[in-house]
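Read off the chains here:
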Amino acid sequence: MSLIEVSHVSKEYEVLVPRQGARNVLKNIFCPDKKKVSAVNDVSFRIHAGELVGFIGENGAGKSTTIKMMSGILFPTAGNIAVAGLCPYRKREENARNIGVVFGQRSRLNWDLPMMDSFELYKEIYQIDSNVFRKNVDRFVEMLRMQDFYHTPVRQLSLGQRMKAEVALSLLHEPPILYLDEPTIGLDVMAKQQIREFIKERNRLEGTTTILTSHDMKDLDCVCQRIIVLAKGSIIFDGSIERFKKEHAKEGVSDIEDMVRNIYEENVFTEDAGCSKVE
């Protein structure tokens, strides 16, 4: 049985279309024109417990929107999502206990307090057993090499240090599912590698199902077993890293980033025709 099931999910937004000219200022305020924009279009996939899945796509492809619907932050316009048997956007509190979430540089750490105090606050919010909390804090601090800044106010931490703390914070309550949206953006090579190794280690030790979006293809190549490629809100590839490399490697191309570039070049996307899908 799948841990996460996404079935024919679509998401549309209404956006304002301002009229041009000074005479239309009041109309833009009181009766603005609107149009619907499709962010995700009829997306379906299943993720089994323990999988490491990467989401690839250009900006605006629908990666973050899909992750936010799976985490319960957004609700779909159409279709259904089940996460550990729950509808994430209808059972938000129950769903929150099953997931850990890191959204890029949107911090959940208290800016004015040391990292350890944010961890303690998180312990109370999620009612984490004291022994489990102490065990996880000690292990995470060691694995992510956070000893030197564990007692430092968050505002004094570097970006790499903050992101390590964010990833650790998201796993303190031992969720079976981890969503990571651009967790290594802007980080140096060493910090990226430490976070990658930490994610893989948690999967090996705890079987944590991880869904990762990143523009750094090395994140996906090092961490993920399976990748899903989106373009204009539709899936154009869903399969193993090995299959992706086999099908999209060209002569002289061995880097996964170049392969992703090739798959976009091979598929022609238009507003009318939509997206070609690779089964």
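Would you mind going over the environment of Leu178 with me for this structure?
Note that Leu178 resides in strand β6 (residues 177–181). Classification of Leu178 by relative accessible area gives buried; the value is 1%. Residues Leu178 and Val102, 76 residues apart in the sequence, show an inter-C-alpha distance of 8.2 Å. With sequence-adjacent residues up to four places away left out, Leu178 is seen in contact with Gly100, Val101, Ser170, Leu171, Thr208, Thr209, Thr210 and Ile211.

What is the right way to read the side chain of Lys11 from this model?
Note that Lys11 resides in strand β1 (residues 4–17). Within the buried set, Lys11 has no salt-bridge partner at all; the shortest N-O distance to an opposite charge, 9.1 Å, is to Glu12. Here Phe75 takes part through its backbone oxygen, which lies 2.9 Å from a polar atom of the side chain of Lys11. Ignoring anything within four residues of it in the chain, the contact list for Lys11 reads Val37, Ser38, Ala39, Val40, Thr65, Met69, Phe75, Pro76 and Thr77.

Just checking my understanding: could you explain the packing of helix α4 (residues 115–126) against helix α6 (residues 159–170) for this structure?
When two helices pack together, their arrangement is captured by the angle between the axes and the distance separating the axes. Two numbers describe how α4 lies on α6: the axes approach to 11 Å, and their chain directions differ by 20 degrees. Compared by their axis directions, α4 and α6 come out roughly parallel. Read as a crossing pair, α4 and α6 show a hand that is right-handed. Facing Met115, Ser118, Phe119 and Tyr122 of α4, the residues of α6 in contact are Ala165, Ala168, Leu169 and Ser170. Of the residues contributing to the contact of α4 with α6, the split by class is 6 nonpolar, 2 polar and no charged.

Definitions and cut-offs
Residues numbered from 1 in each chain as written. Predicted model: local features only at pLDDT ≥ 70, side-chain atom pairs only at ≥ 80, totals over all residues. Heavy atoms only, no water. Helix = DSSP H or I, 4+ residues; strand = E, 2+ residues; numbered from the N terminus. Buried < 20%, exposed > 50% of the residue type's maximum accessible area, 1.4 Å probe, protein only. Contact = heavy atoms within 4.5 Å. Lys, Arg positive; Asp, Glu negative; His and termini not counted. Salt bridge = Lys/Arg side-chain N within 4 Å of Asp/Glu carboxyl O. Polar contact = N/O pair within 3.5 Å; in protein donor to acceptor, adjacent residues only side chain to side chain. Axes fitted to C-alpha atoms, helices over the stretch in contact; angles between N-to-C directions. Parallel < 35°, antiparallel > 145°, perpendicular 65-115°, else oblique. Left-handed = near helix turned anticlockwise from the far one by under 90°. Nonpolar A, V, L, I, M, F, W, Y, C, P; charged D, E, K, R; others polar.

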